[in-house]
Amino acid sequence: MPSLPLVSIVTPVYNGELYLRECIESVLAQTYSCWEYIIVNNCSADQTLTIAQEYARRDPRIRVCSNDTLLDIISNHNKAFSLISPASAYCKVVSADDWLFPECIDRMVALALSHPTIGIVGSYQLSGGTEKWYLRTYGLPYRSTVIPGREIGRKQLLGKLDVLGNPTSSLYRSDLVRSSDSFYPNSSAEADVSACFKYLRDTDFGFVHQVISFERLHHDRITTTSQAFNAYVGSKLNDLLTYGSSYLTPAEIASRTQDLLDDYYNFLAISAVNFRDREFWEYHRKRLQEAGHPFDRGRLTKAVCMKLADLLFNPKETVERVLRRRLRRTTGDAVGNSDTGLDNS
């Protein structure tokens, strides 16, 4: 019987003592047994290192590394990727506040092995916290298990589906991870999505139509910060600028750019009405500049006028929005839907 391929599991973690045990236990409970587990402690000030070392003493497949200096979240993930074994065939991220269902790696590896052209495998993911629960990803027909990477990238860029990113629900082929010093190719919190666009140009995409991982929603996550600043639309513009030519026609890129800019300025108009602070505006000026579309004050003014007119002539809807916002603040439901699974590590 042929030996199973080695899977490198990585957990970059910063101050993760609250959920780390549950995360590690989910790895130990996997039905797939041929793995190494690398936990990268990012200068945590809590019991993270103690917990990780405790498990490493119990199981030789677990290795703990500690950074000498605090790294930003993307640099810490890329550090973890750099530590995987040269013999590794596949790489699996498990965020420190998430966990895997027992058959997760088994099912993902089985699909990847059945089609060697697959570079990235995705799956459904349960996301939840307090009273909010939902499934991640949409738009992929049930019978679609192996799809050309360029088809997936094209539809994702056009906003017709959402299956990329979500590190805890994804499996990467290790040769892709080893092909660059920075598998996550930029410094944004949504760099995991960018990596998918980068590597799906030359590989296929596999999808397991089962819920095999869990993402914990809570406020101490980088995703919460991304939502507060709505970092996603800026990242979509950057990905379109960087990778669009590999997936879309020039006309499609131009049309999609205008759609995203409309969304962006509608969001900024709402933010202007809500008197967001200087930090917020500096952040978005920088993101628009990076995306090749410098901040347009005239476009914002137009969007604000349209938003004020909407508020004025639709008083019932305006009151309902205020009540919904107030309810979210009191129930702590601000985490909402997210486009990335990266935790604050």
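A few points on the structure. Keep in mind that what you see is a predicted model, and the values were worked out from it rather than measured.

The subject of this paragraph is unusual backbone geometry. Of note in this structure, Asn15 is not a glycine but carries a positive phi near 50°. The topology assignment puts Asn15 in the loop between strand S1 (6-13) and helix H1 (20-28). Residue classification places Asn15 among the partly exposed residues on the basis of a relative accessible area of 32%. The residue Cys43 is not glycine, and still its phi comes out positive at about 55°. Relative to the helices and strands, Cys43 is located in the loop between strand S2 (35-41) and helix H2 (48-58). Since its relative accessible area comes to 28%, Cys43 is described here as partly exposed.

Side chains of a nonpolar character, in soluble globular proteins, are inclined to be buried together. One finds Phe81, Ile152, Leu164, Phe183, Tyr184, Phe205 and Leu268 to be the most contacted residues of the largest nonpolar core, which totals 54 residues. For this core, the element with the most residues is helix H10 (residues 250-273), which contributes 7 residues. With residues near it in sequence (within four places) discarded, Leu164 still touches Ile152, Gln156, Val193, Cys196, Phe197, Leu200 and Phe205. Judged by nonpolar contacts, the second largest core, of 30 residues, contains Leu20, Ile24, Tyr32 and Tyr55.

Turning next to the packing of H10 against helix H12 (residues 297-313). Put simply, H10 and H12 touch, their axes get as near as 8 Å, and they point 65° apart. Once H10 is placed against H12, the crossing between them reads as right-handed. Here H10 contributes Gln258, Leu261, Asp262, Tyr265, Asn266, Leu268, Ala269, Ile270, Ala272 and Val273 to the contact with H12, which in turn contributes Arg299, Leu300, Ala303, Val304, Lys307, Leu308 and Leu311. Here the residues of the contact of H10 with H12 are counted per class, giving 12 nonpolar, 2 polar and 3 charged.

What counts as what
- Residues numbered from 1 in each chain as written.
- Predicted model: local features only at pLDDT ≥ 70, side-chain atom pairs only at ≥ 80, totals over all residues.
- Heavy atoms only, no water.
- Helix = DSSP H or I, 4+ residues; strand = E, 2+ residues; numbered from the N terminus.
- Buried < 20%, exposed > 50% of the residue type's maximum accessible area, 1.4 Å probe, protein only.
- Core = buried A, V, L, I, M, F, W, Y, C linked by side-chain atoms within 4.5 Å.
- Contact = heavy atoms within 4.5 Å.
- Axes fitted to C-alpha atoms, helices over the stretch in contact; angles between N-to-C directions.
- Left-handed = near helix turned anticlockwise from the far one by under 90°.
- Nonpolar A, V, L, I, M, F, W, Y, C, P; charged D, E, K, R; others polar.

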